[in-house]
Amino acid sequence: MTPSRRGSRRPRSIELFAGAGGLALGISKAGFETVALVDNDRDCVATLRKNRPRWNVIGRDIADVDFRGMKADLVTGGFPCQPFSHAGHKLGFRDVRGTIFYEFARAIKQVRPRAFLAENVEAITRNDGGRTLNTILDILKALGYNVEHRTLNAVNYRVPQKRKRVIFVGVRRGMSFEFPAPRSDVVTMGEALRGTPDSLGDAYSEWRRRILEKVPPGGSWVNLPTRLQKRYLGSSFYSEGGKRGMARRLSWSEPCLTLTCSPSQKMTDRVHPDETRPLTVREYARIQTFPDTWKFEGSMHSQYRQIGNAVPIKLAIALGRSLRRALDA
């Protein structure tokens, strides 16, 4: 039996595309020792080093990182969704060279962890008619892993946010993994934001604020008079789809809608339930289940982006615990 299976040491993890540390923090709280994190965004690297000065944060492009010689039981990361060229290719490992996914697969090939976890947007399952998903699965399986993927909604794991993401998990052949079971108790905005510390926050222009103050909690542009709908939506008023997020006011009695990289983008408004303003940075962080002690570096807009791109910590903890069970079996 290996030392990690006996529990004499914590299993080790390497985090790729680490961002502001949401996934890494959750995996750490689930009992893993973080041995390396890779990201090339200056503000994300500063955030990681600010909060975890003892973590080995590698602030470089992943293509320039050699993972040979690194030892870990788990490799994790959320690689960006990219279409692949299919013309005349069988799409083996060499055929995706030059993509971010190639770098993720290369790290797994060089580290040879016992398990890996990847996170991506739900749309990747439909990218290029499903061929991108099949390519990803085929390449990961060819590296010697049993691979499963499932769409999880963070709201089912004590995260006060409706946020669907595709989770890929691979374990060495002979091992088994079970996704964490969803919970029925939902956390609302009212519960999540109670006592939120003051922080920086974006603001609406005066004309937008005057219109948005007429939207009731839980409502959107459909609750406005037709003349204000036309003014706020502009040409989008005449389109058939793609406007459900416009002029959306949140409700204390419900979870938040999916956070984006900005709380004030017109197509994805996230208006405070009572006050006519976007959510603040710390409110964003609460909804992503970051602890109040986790500090974000960079400009206000950079902080919003870091938080909006993160994996919710409580979802990461649930996944980390399931991976611990698979590694300890």
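That block above? That's the structure.
Positions within a chain are numbered from 1, following the residues in the order the chain's sequence is written. Local features in a predicted model are, by the rule used here, given only for residues with pLDDT of at least 70; side-chain atom pairs are given and counted only at 80 or more, and totals for whole chains, interfaces and linings are based on all residues. Neither water nor hydrogens contribute to the side-chain values; these are computed over all heavy atoms in the structure.

Asks: Quick rundown of the overall build of the chain? Include the residues and the values.
Replies: Helix numbers and strand numbers start at the N terminus; a helix is a DSSP run of H or I with at least 4 residues, a strand a run of E with at least 2. Along its length, the chain carries eleven helices and seven strands. For 329 residues, the compact-globule estimate of 2.2 N^0.38 gives 20 Å, and the chain sits close to it at 21 Å. Oriented by its inertia axes, the alpha-carbon framework of the chain measures out at about 65 × 50 × 40 Å. Remark: exposure states derive from per-residue accessible area (1.4 Å probe, protein chains only) relative to the maximum for the residue type, with buried under 20%, exposed over 50%, and partly exposed in between. Taking all 329 residues of the chain together, the buried fraction comes to 55%. Whether two residues are in contact is decided by their heavy atoms, any of which lying within 4.5 Å being enough. Restricting to contacts in the chain with at least 6 residues of sequence separation, those with at least 24 account for 67%. All accessible-area figures derive from a Shrake-Rupley calculation using a 1.4 Å probe, and residue coverage is judged against the displayed protein chains alone. Summing over all exposed atoms, the chain offers an accessible surface of approximately 15,100 Å²; the carbon and sulfur share of this is 46%. The convention is simple: Lys and Arg are positive, Asp and Glu are negative, and His and the chain ends are not counted. Lys charges are placed at NZ, Arg charges at CZ, Asp charges at CG and Glu charges at CD. For the chain, the separation between the mean place of its 56 positive charges and that of its 32 negative charges on side chains is 3 Å. In this setup the radius of gyration rests on C-alpha atoms only. A globule is expected at 2.2 Å times the number of residues raised to 0.38.

Asks: Now, about the sheet that holds strand 7 (residues 164–172): what can you tell me, with residues and values included?
Replies: Taking strand neighbours across the sheet as the criterion, the seven strands line up as 3-2-1-4-5-7-6 in an open arrangement whose pairing is mixed. In this open sheet, the two strands that pair with only one neighbour each are strand 3 (57–58) and strand 6 (145–153). Taken together, the two bridges between strand 2 (residues 33–38) and strand 3 define a ladder with parallel strand orientation. Within strand 3, the position partnered with Leu37 by the bridge is Val57. What counts as an axis is a line fitted to C-alpha atoms, over the stretch in contact for a helix, and the angles between N-to-C directions run from 0 to 180 degrees. Across the face of the sheet, helix 11 (residues 313–328) comes into contact with strand 4 (74–77), strand 5 (115–121), strand 6 and strand 7 while running at roughly 155 degrees to strand 5. At least two bridges found by DSSP between two strands is the condition for calling them paired.

Asks: With reference to specific residues and values, describe the environment of Ala181.
Replies: Counting through the fold element by element, Ala181 comes out in the loop between strand 7 and helix 6 (189–192). Residue classification places Ala181 among the exposed positions, given a relative accessible area of 58%. Considered as a pair, Ala181 and Leu152 are 29 residues apart in the sequence and their alpha carbons are 9.9 Å apart.

Asks: Pulling in residues and values, what's your account of helix 10 (residues 300–309)?
Replies: Taking burial as the measure, the ten residues of helix 10 include seven buried ones, the bulk of the element. Those residues of helix 10 lying buried are Met300, Ser302, Gln303, Tyr304, Gln306, Ile307 and Gly308.

Asks: Go over the nonpolar core with me, naming the residues and quoting the values.
Replies: As used here, the term nonpolar core means buried Ala, Val, Leu, Ile, Met, Phe, Trp, Tyr and Cys residues forming a set that is joined through side-chain atoms within 4.5 Å. Leu16, Phe104 and Leu140 are the most contacted members of the largest nonpolar core, which has 31 residues in total. Mapped onto this core, the elements with two or more residues apiece are strand 1 (12–16), strand 2, helix 4 (100–111), strand 5, helix 5 (131–142), strand 6 and strand 7. Leaving out residues up to four positions away in the same chain, Leu16 has contacts with Val38, Ile62, Phe67, Val75, Thr76, Gly77, Gly78, Phe104 and Ala107. Counting 29 residues, the second-largest nonpolar core is a separate cluster that includes Leu48, Leu250, Trp294 and Ile317.

Asks: Quick rundown of the environment of Val159? Include the residues and the values.
Replies: Checked against the element boundaries, Val159 lands in the loop between strand 6 and strand 7. The buried category is assigned to Val159, whose relative accessible area is 0%. Along the backbone, Val159 and Arg227 are 68 residues apart, and their C-alpha atoms lie at a distance of 37 Å. Beyond its immediate stretch of four places on either side in the chain, Val159 contacts Ala154, Ile287, Thr289, Pro312, Lys314 and Leu315.

Asks: Would you mind going over the environment of Gly78 in detail, with residue names and values included?
Replies: Note that Gly78 resides in the loop between strand 4 and helix 4. Each C-alpha atom, one on Gly78 and one on Glu148, is 15 Å from the other, the two residues being 70 residues apart in sequence. Non-local contacts of Gly78, meaning those with residues more than four positions away in its chain, are made with Leu16, Phe17 and Glu119.

Asks: Report on the packing of helix 2 (residues 22–29) against helix 11, specifying residues and quantitative values.
Replies: Helix 11 packs onto helix 2 with a crossing angle of 45 degrees between their chain directions and a minimal axis gap of 7 Å. Compared by their axis directions, helix 2 and helix 11 come out oblique. The two elements helix 2 and helix 11 meet at a crossing, and its hand is right-handed. Contact with helix 2, carried on its side by Gly22, Leu23, Leu25, Gly26, Ile27 and Lys29, involves Ile313, Ala316, Ile317 and Gly320 of helix 11 and no other residues of that element. A breakdown of the residues in the contact of helix 2 with helix 11 according to their chemical character gives six nonpolar, three polar and one charged. Orientation categories follow fixed angle ranges, with anything under 35 degrees roughly parallel, anything over 145 roughly antiparallel, 65 to 115 roughly perpendicular, and all other angles oblique. Should the near helix be turned counterclockwise from the far one by less than a right angle, the crossing is left-handed, whereas a clockwise turn marks it as right-handed. Side-chain classes follow a simple rule in which Ala, Val, Leu, Ile, Met, Phe, Trp, Tyr, Cys and Pro form the nonpolar group, Asp, Glu, Lys and Arg form the charged group, and the remainder, Gly included, forms the polar group.

Asks: Run through the pattern of salt bridges, naming residues and quoting values.
Replies: We define a salt bridge as a contact between a side-chain nitrogen of Lys or Arg and a carboxyl oxygen of Asp or Glu at a distance within 4 Å. Applying the stated rule across the entire model yields 16 salt bridges. Residue Arg277 pairs with Glu283 through a salt bridge whose shortest N-O separation is 3.1 Å. Both residues of the pair, Arg277 and Glu283, belong to the buried class. Across the pair Asp328 and Arg324 runs a salt bridge, and its minimum N-O distance is 3.3 Å. Of this pair, Asp328 and Arg324 both sit in helix 11, four residues apart, which is roughly one turn of that helix. A residue is classified by how much of its surface remains accessible, and Asp328, at 30% relative accessible area, is partly exposed. A network of salt bridges, in which partner residues are shared, links Glu206, Arg209, Arg210 and Glu213.

Distances and angles like these do not, on their own, reveal function.
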